[in-house]
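Fold and contact review
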Amino acid sequence: MTQFKVSPATEQFVKKQHRMFINGYWLSSHCEKTFPVINPATGLILTHAAEGDKEDINRAVIAARKAFETGPWPRMSPSDRGRLLLKLVDLIESHAEEFSEIESLDNGKPKSVALAVDVPLSADIFRYMAGRATGIEGRTKSFNSDLLAYTLREPVGVAGQIVPWNFPLLMAAWKLAPALATGCTVVLKPAEQTPLSALFLGELIQEAGFPDGVVNIVTGFGHTAGAALASHMDVDKIAFTGSTEVGKLIVHAAANSNLKKVSLELGGKSPNIIFPDADLDLAIPGAANAIFFNHGQCCCAGSVVYAHKKIFDKVIDGIAGIAGKIQLGNGLDPTTEMGPLVSQEQLNTVRGYVDEGVKSGAELVIGGICSMGDGYFHSPTILTDVQADMKVVKEEIFGPVVVAMPFSDISDEITAIAKVANNTKYGLAAGIWTKDVAKASLLAQRIKAGTVWINCYNVFDASLPFGGYKQSGWGREMGEEAIELYTQTKAVTVRLR
Ligand code: NAP
Ligand code: MG
């Protein structure tokens, strides 16, 4: 499987013929088709997964509908639903080792990172939502003493969930946890590049004892299985994380079918603004981590650095110093700090952006080096001398590539910097580094982004809502806001006399 050892349990899981999880059964696709699952560190086939399509999505939706309409799940007490979610948390935590090895093999990320980030954050969101299950409440309304009026918060029904490959387990967890807490039933489609951790989670969902049909997992391709889920007439809600381009297709599919509810977590081009009074011992590693974490394959990656010209060279030298020391390699090698990109396609995209940027006049400070053996490696890269209208500045690269621009002293600084930071179609995140927290807070109010980090970056918690302004998405995942995505309100009015 790889020159690096994994636990026997992981080896056994990965090697098997992977099927889809529908109505409590593990099934082949209706036409018995499969697709290869690739290890991006070697380019070799790890195993095969079932290639579900429209017919398989339909089977899964029928199961989810039955579980929602006649099964115990939505009628179970919220505390019983919470108890099952907590059982799942225990199972996730006790299989952290396997999960992190599976993520490393399938996605390429270092096992150590998956163990420190992906797995605990996944457990945390299930734990948080287990608690929230008992807090989903309606209200009473007193507008007329002859009438009793109250609201009920009800689950939306069957939720379709389409997740990407950058945090395969965590993105599935962010979607499944609130849906399950509210009593929805789910059809989940993992990304074609990384189906394995969702299937392993499916096994644990079964072991925990969730009723059949509550969670269904269909592996397959976006343009077939994903599109069928988004346009299905009997799916009440679709939640999607991925590119803005596909997000727009999801909206069209929902509009042209049954007008199902839509939530989207899309791309980003997030600015990291470094003022001259910033603590550079914090800001420089912070800015490096903001772009290089997960190989830049983060929707909220701090992919544009704006640093004051007084400190610009120091910041760039500092980030370059860190970039030059990052150890690239197989994610299962304990010394590896950065693994490969997820696929040849993603490597081609990232390489294409860097080449194009350099051709348009950008200076390559460090990086731009690709591949190591047969894996899809791209070294941490910094581009300076860039202009606001360049593709590398405007578009999401989704790789370990940061573009950096200086800014000067200006009157009405907050307005001017907010204008530069907001000069993007995206609005997912932003970072601000300064000792003047009042200034940072005023700037945070002006930035059109769903998350603003001040003197920190990439800090997540299950209680903090995450999502985008502008073309970065609709709705918020995590926090109590995520409950809103999976519930709807009914007003009931009773004549008393
Ligand atoms: P993508 O095409 O948007 O894929 C995300 C998910 O949507 C996958 O499960 C995918 O299935 C599915 N999908 C694709 N086409 C679909 C369709 N027509 N209908 C329904 N579902 C569909 O992302 P990608 O191709 O993996 O990456 C391309 C770019 O997207 C990246 O370079 C990056 O800029 C952005 N991206 C953003 C995020 C994020 O967290 N916001 C995550 C990943 C990628 P398949 O895997 O089978 O295609
Ligand atoms: Mg893979």
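Now for a quick tour of the structure. What you see is a predicted model; the values in this text were computed from it and never measured.

**Describing the sheet that holds strand S18 (residues 401-407)**
Sheet architecture is open: seven strands sit in the order S14-S17-S18-S13-S12-S19-S20, paired in mixed fashion. Looking at which strands have only one partner, the edges of the open sheet turn out to be strand S14 (363-366) and strand S20 (451-454). For this sheet, the mean inter-axis angle between neighbouring strands, taken without regard to orientation, is 25°. One ladder, built from five bridges, connects strand S13 (residues 304-308) with S18; its direction is parallel. If you follow Val305 over to S18, its bridge partner there is Ala404. Most of the contacts of helix H10 (residues 280-292) go to strand S12 (residues 271-274), to which it runs at about 170°, and overall it touches S12, S13, strand S17 (381-384), S18 and strand S19 (429-433). Each of S12, S13 and S18 is contacted by helix H14 (residues 413-421), which is oriented at about 150° to S12, the strand it contacts most.

**Details of the nonpolar core**
Among the nonpolar cores identified, the biggest contains 110 residues, and Phe126, Phe210 and Ile274 are the most heavily contacted of them. Broken down by element, this core gets its largest block of residues, eleven residues, from helix H6 (residues 168-182). Here this core spans two domains, since at least three of its residues come from each of domain 1 (8-266 + 474-491) and domain 2 (271-461). Not counting residues within four places of it along the chain, the set of residues in contact with Ile274 comprises Leu280, Ala283, Ala287, Val305, Tyr306, Ala307, His308, Ile311, Val315, Phe407 and Trp433. Ranked by size, the runner-up nonpolar core spans 31 residues in total, among them Val304, Tyr306, Ala430 and Ala449.

**Some words on the coordination of the magnesium ion (ligand 2)**
Under perfect tetrahedral coordination by four donors, a metal shows angles of 109.5 degrees; under perfect octahedral coordination by six donors, it shows angles of 90 or 180 degrees. Around the magnesium ion (ligand 2), the protein supplies Ile38 (O), Asp106 (O), Asp106 (OD) and Gln193 (O) as donor atoms, at distances of 2.3 to 2.5 Å. Counting gaps between the donor residues of the magnesium ion (ligand 2) yields the pattern I-x67-D-x86-Q. Separated by 87 residues along the polypeptide, Asp106 in helix H4 (residues 96-107) and Gln193 in the loop between strand S8 (185-189) and helix H7 (196-208) bring together distant segments of the chain. Across the pair, exposure class does not vary: Asp106 and Gln193 are buried alike.

**Remarks on the site of ligand 1**
Neighbouring ligand 1 are 28 residues, the closest being Trp165, Glu192, Gly222, Ser243 and Glu396. Protein burial of ligand 1: of its 850 Å² of free accessible surface, 86% is covered by the chains. Looking at the shell around ligand 1 residue by residue, the class counts come to 15 nonpolar, nine polar and four charged.

**With respect to the pairing of strand S4 (residues 44-50)**
Across six bridges, strand S3 (residues 34-39) lies against S4 in antiparallel orientation. Its bridge partner being in S4, Ile38 is matched across the sheet by Ile45.

**Here we look at the pattern of salt bridges**
When charged atoms on two side chains of opposite charge get close, those side chains can pair. According to the stated counting rule, one finds 17 salt bridges in the structure shown. Ionic pairing is found between Glu69 and Arg65, a salt bridge with its closest N-O pair at 2.7 Å. Placement of the pair is Glu69 and Arg65 together in helix H2 (residues 54-69), with a separation of four residues, close to one helical turn. A salt bridge links Lys439 to Glu413; its shortest N-O distance comes to 3.6 Å. Of this pair, Lys439 sits in helix H15 (residues 437-446) while Glu413 is found in helix H14, placing the two residues 26 residues apart along the sequence. Several salt bridges converge on common partners, so that one network encompasses Arg65, Glu69, Asp234 and Asp236.

Rules and cut-offs
- Residues numbered from 1 in each chain as written.
- Chains lettered and ligands numbered in written order.
- Predicted model: local features only at pLDDT ≥ 70, side-chain atom pairs only at ≥ 80, totals over all residues.
- Heavy atoms only, no water.
- Pairing = 2+ DSSP bridges.
- Helix = DSSP H or I, 4+ residues; strand = E, 2+ residues; numbered from the N terminus.
- Axes fitted to C-alpha atoms, helices over the stretch in contact; angles between N-to-C directions.
- Contact = heavy atoms within 4.5 Å.
- Core = buried A, V, L, I, M, F, W, Y, C linked by side-chain atoms within 4.5 Å.
- Buried < 20%, exposed > 50% of the residue type's maximum accessible area, 1.4 Å probe, protein only.
- Domains from an automatic or database assignment.
- Donors = N, O, S within 2.8 Å, 3.2 Å for Na, K, Ca; no water.
- Near = heavy atom within 4 Å.
- Areas by Shrake-Rupley, 256 points an atom, 1.4 Å probe, with all protein chains shown as cover.
- Nonpolar A, V, L, I, M, F, W, Y, C, P; charged D, E, K, R; others polar.
- Salt bridge = Lys/Arg side-chain N within 4 Å of Asp/Glu carboxyl O.

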